[in-house]
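Summary of the model geometry
The lines below spell out each chain.
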Amino acid sequence: MTTINQLSSVDEVSASDQVPIYSASNGDARKAPMSVIKEYLQDELTSTGAFETQYSAPSATGFSVTVNPTTDGGNVFLLLTPAAEYAAGTIVLPELAECVDGQEILVSSTQAVTTLTVSGNGSTVNGAPTALTANSFFKMRFDGVFNAWYRIG
């Protein structure tokens, strides 16, 4: 097989153009059209589904907000609108037994929270922010293999 460095290059690609790949499942080199690669990348880079919005307006420091999807594994957009900047607050993620692989939680806050705790509620939490500035956000995704939440945004 010709090595990639020996192939001619192009300035533009179309959906029907072929790309050489190594297929781990087949154990050899194969080809894939750009349309298949595009579809794969879109699936990997987009959210796993629609988000339902959950609202919370904490009125004092030391608040605790529990994320409650209406269905197990549902994606949630938690919109925090605290009455003011607070020194401390906690966001409690869904219970481990209710989490589904690929589930996402998006949190946005209109006010700053100086000390933020993100509780896994039985799951491990990796990379969660420890503070929020006004109008900031973050996204967590659940991994079912490790039963853990990971920050992805």
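Being a predicted model, the structure only gives us computed values, none of them experimental.

1. Focus: the sheet that holds strand 8 (residues 113–119)
One open sheet holds the three strands; their spatial order is 4-6-8, and the pairing between them is parallel. The open sheet is flanked by strand 4 (63–66) and strand 8, the only strands paired with a single partner. Averaged over all pairs of adjacent strands, the angle between strand axes in this sheet comes to 20 degrees, irrespective of strand direction. Pairing between strand 4 and strand 6 (residues 86–92): four bridges, direction parallel. From the neighbouring strand, Thr-66 faces strand 6, where its bridge partner is Val-92.

2. Section: a nonpolar patch on the surface
Among the surface-exposed residues, Val-145, Phe-146, Tyr-150 and Ile-152 lie close enough to one another that they form a single nonpolar patch of about 430 Å² accessible area. The topology assignment puts Phe-146 in the loop between strand 10 (136–143) and strand 11 (148–151).

3. A few points about the pattern of salt bridges
Following the criterion strictly, the structure yields three salt bridges and no others. For Arg-30, the salt bridge goes to Asp-28, with nearest N and O atoms at 2.9 Å. Look at Asp-28 and you get partly exposed, because its relative accessible area is 30%. For Glu-104, the salt bridge identified is with Arg-141, shortest N-O distance 2.3 Å.

Criteria and cut-off values
- Residues numbered from 1 in each chain as written.
- Predicted model: local features only at pLDDT ≥ 70, side-chain atom pairs only at ≥ 80, totals over all residues.
- Heavy atoms only, no water.
- Pairing = 2+ DSSP bridges.
- Helix = DSSP H or I, 4+ residues; strand = E, 2+ residues; numbered from the N terminus.
- Axes fitted to C-alpha atoms, helices over the stretch in contact; angles between N-to-C directions.
- Patch = residues over 30% accessible without salt bridge, like charges linked within 9 Å, V, L, I, M, F, W, Y side chains within 5 Å.
- Areas by Shrake-Rupley, 256 points an atom, 1.4 Å probe, with all protein chains shown as cover.
- Salt bridge = Lys/Arg side-chain N within 4 Å of Asp/Glu carboxyl O.
- Buried < 20%, exposed > 50% of the residue type's maximum accessible area, 1.4 Å probe, protein only.

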